[in-house]
Amino acid sequence: MRPSHIQTILDREFCSTLNKQHTPVMLWGPPGVGKSQIIASIAAKHNVPLIDIRLSQMEPTDLRGIPFRHESLVEWSVPAILPDAKRHGKHGILFLDEITSAPPTVSAAAYQLILDRRLGEYVVPEGWAIFAAGNRQGDRGVTYTMPAPLANRFTHYEVEANLDDWVSWAHENDVDERVIAFLRFRPDLLFDFDPAHNPVAFPSPRSWEFAHRALQKFSEMPTLLLDTLQACIGPAAGVELKAFVDNMDQLPDLDGILNGDVSDVPRSIDLQYGVAAALVRRAVKAKSTADAAKVLGNILRYAKLFPQREMGVMLVTDLHRSIGKPLFSVPEFAEWANTITDLLLYDMKWSNTAEA
């Protein structure tokens, strides 16, 4: 399932704690697809604490607590890491990460915590959601088979890398536009992990963020840039990204496009992806300024100039994901939409034929 859909599900699951309808959720997926980041975004959206417990690093007593003698009885101390309404707040997220990497003795200690929301005398506050995440057995990580009693305590979703979702996230988080353009050009490299070869560095949503950081740090050191990119995303992808970045020097004048003075469209397809990503980034930066409508209007005019109209559709689609409804209020949007009506009708006709 794509990350944006899972994010919506987790958001509803968090809100369901208010009416006691919450069900613990388990996210499955290979390394680097953003499982932990999705859960962190839910906590940030609702401005609630996130307690991240890495079960692979725990002992059973870290969850259950340590026994101590009280008069003639033995009682258990409650671990300070577990959610407490007085110390942490009435609402939050308890995140059991790396649960499939936890030894069976630790996962067994989590059974009661996950289903009954308690461990002995300790009770999870009602306003706290319980989410978990882990790698699949085929991902070459340190994993244990999840016991059926534990698995039956979750609803299960598998996270898949999705380029559209990643591009939207990348524009929101100011990821280098050259990385975005490259992945639009080579979408198959968003996630390229072959567990059979057990690679050290490989392309993933997480490692592309590392590549973005490498570009910020080493762009002025060309003799080191290739090595640092390969260290982030692997040898082959690093070579391709370096060549793509070097070619971006041939982009047309972006300021001229935004001002409506430049209408030149690059002939090579990689540069077309580059200019499209760069224009979306400029639109994001301008959306809160007085020139926002002008910038959007000129980008929409430029979108009509691509030899392949699908490229213009991609540009405007990314604009919409990053800008939202204000894009529709720009007069140039209706003009652009009229130029692709037949293309959309063809897609709808083909889709209906395929379904029949």
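Residues numbered from 1 in each chain as written. Predicted model: local features only at pLDDT ≥ 70, side-chain atom pairs only at ≥ 80, totals over all residues. Heavy atoms only, no water.

Draft legend 1. Representation of the domain arrangement of the protein. With domains assigned, the protein is organised as domain 1 (3-158) and domain 2 (163-343). Look at where the C-alpha atoms of domain 1 and domain 2 centre, and you get two points 37 Å apart. With both chains or domains summed, domain 1 and domain 2 bury close to 850 Å², and 53% of this area falls on carbon and sulfur atoms. Summed over the shared surface of domain 1 and domain 2, the number is zero salt bridges. Where domain 1 meets domain 2, there are two residue pairs in polar contact (both at pLDDT 80 or more). Its residues placed into classes, the side of domain 1 that touches domain 2 shows four nonpolar, four polar and two charged. (Domains from an automatic or database assignment. Buried area = accessible area lost by both parts, 1.4 Å probe. Salt bridge = Lys/Arg side-chain N within 4 Å of Asp/Glu carboxyl O. Polar contact = N/O pair within 3.5 Å; in protein donor to acceptor, adjacent residues only side chain to side chain. Nonpolar A, V, L, I, M, F, W, Y, C, P; charged D, E, K, R; others polar.)

Draft legend 2. Molecular detail of helix 13 (residues 269-286). Counted at 1.5 Å a residue, the expected span for helix 13 with its 18 residues is 26 Å, and the 26 Å between its end C-alpha atoms agrees. Counted residue by residue, helix 13 has 15 buried out of 18 residues, so it is predominantly covered. (Helix = DSSP H or I, 4+ residues; strand = E, 2+ residues; numbered from the N terminus. Expected span 1.5 Å × (residues − 1). Buried < 20%, exposed > 50% of the residue type's maximum accessible area, 1.4 Å probe, protein only.)

Draft legend 3. Seen up close, the environment of W166. Residue position: W166 is located in helix 7 (residues 163-172). Contacts of W166, omitting those with residues within four sequence positions, involve V175, V179, I180, L183, L190, P205 and W208. Within the structure, W166 has its side chain in polar contact with the backbone oxygen of P205 (distance 3.5 Å). (Contact = heavy atoms within 4.5 Å.)

Draft legend 4. Here's a closer look at the sheet that holds strand 9 (residues 155-158). Ordered by their spatial adjacency, five strands build an open sheet running 2-5-8-1-9, and the pairing between neighbours is parallel. Each of the sheet's edge strands pairs with one partner strand only, and the pair in question is strand 2 (50-54) and strand 9. Adjacent strand axes in the sheet meet at a mean angle of 20° when their direction is disregarded. Pairing of strand 5 (residues 91-97) with strand 8 (residues 127-134), which is carried by six bridges, proceeds in the parallel orientation. Residue pairing for strand 8: F95 is matched across the bridge by F131. (Pairing = 2+ DSSP bridges. Axes fitted to C-alpha atoms, helices over the stretch in contact; angles between N-to-C directions.)

Draft legend 5. Geometry of the pairing of strand 2. The two faces of strand 2 differ: I51 and I53 on one face are buried, but L50, D52 and R54 on the other face are not. Two strands pair when backbone bridges link them, and strand 2 and strand 5 are joined in this way by five bridges, in the parallel orientation. Opposite R54, over in strand 5, you have D97 as the bridge partner.

Draft legend 6. Spotlight on the nonpolar core. One finds L279, I299, L315 and L319 to be the most contacted residues of the largest nonpolar core, which totals 30 residues. Those elements giving two or more residues to this core turn out to be helix 12 (254-258), helix 13, helix 14 (292-303), helix 15 (309-323) and helix 16 (331-339). It is helix 13 that provides the largest number of residues to this core, a total of nine residues. Not counting chain neighbours up to four residues away, the residues in contact with I299 comprise L258, L279, A283, L315 and L319. Within the second largest apolar cluster, 28 residues are counted, among which are V179, L190, A237 and V245. (Core = buried A, V, L, I, M, F, W, Y, C linked by side-chain atoms within 4.5 Å.)

Draft legend 7. Focus on the pattern of salt bridges. Here the structure, examined in full by the defined rule, presents 19 salt bridges. A salt bridge links R87 to D84; its shortest N-O distance comes to 4.0 Å. In this structure D84 comes out as partly exposed when scored by relative accessible area, which is 26%. A salt bridge links D318 to R184; the nearest nitrogen and oxygen atoms lie 2.5 Å apart.

Draft legend 8. Structural view of the layout of surface pockets. Put simply, the largest pocket is a space of about 790 Å³. Residue lining of the largest pocket: 32 residues in total, with V33, G34, Q37, I38 and W169 positioned closest to the centre. Contributions of two or more residues to the lining of the largest pocket are made by helix 1 (3-15), helix 2 (35-46), strand 8, helix 7 and helix 9 (205-218). With six residues, the top contributor of residues to the lining of the largest pocket is helix 2. Taken together, the residues that form the lining of the largest pocket break down as 10 nonpolar, 13 polar and nine charged. If you count residues domain by domain, the lining of the largest pocket takes at least three from each of domain 1 (3-158) and domain 2 (163-343). If you add up the space inside the second largest pocket, you get close to 200 Å³. (1 Å grid on protein atoms, 1.4 Å probe; cavity = no way out; pocket = protein on both sides within 12 Å on 5 of 7 lines; lining within 4 Å. Points joined across faces, edges and corners; volume = space filled by probe spheres on them.)

Draft legend 9. The arrangement of the packing of helix 8 (residues 177-185) against helix 13 in detail. Close contact between helix 8 and helix 13 brings their axes to 8 Å; oriented N to C, the two are set at 135°. Comparing the axis directions of helix 8 and helix 13 gives the class oblique. By crossing handedness, the relation of helix 8 to helix 13 is classed as right-handed. Between helix 8 and helix 13, the contacting residues are E177, I180, A181, R184 and F185 on the first element and I269, D270, Y273, G274, A277, A278, R281 and R282 on the second. (Parallel < 35°, antiparallel > 145°, perpendicular 65-115°, else oblique. Left-handed = near helix turned anticlockwise from the far one by under 90°.)

Draft legend 10. How the structure looks around unusual backbone geometry. Backbone geometry at N47 places phi at a positive 55°, although glycine is not the residue there. Structurally, N47 can be placed in the loop between helix 2 and strand 2. For N47, a relative accessible area of 71% translates into the label exposed. Not every positive phi belongs to a glycine, and D174 is a case in point at roughly 60°. As for its position among the elements, D174 is in the loop between helix 7 and helix 8.

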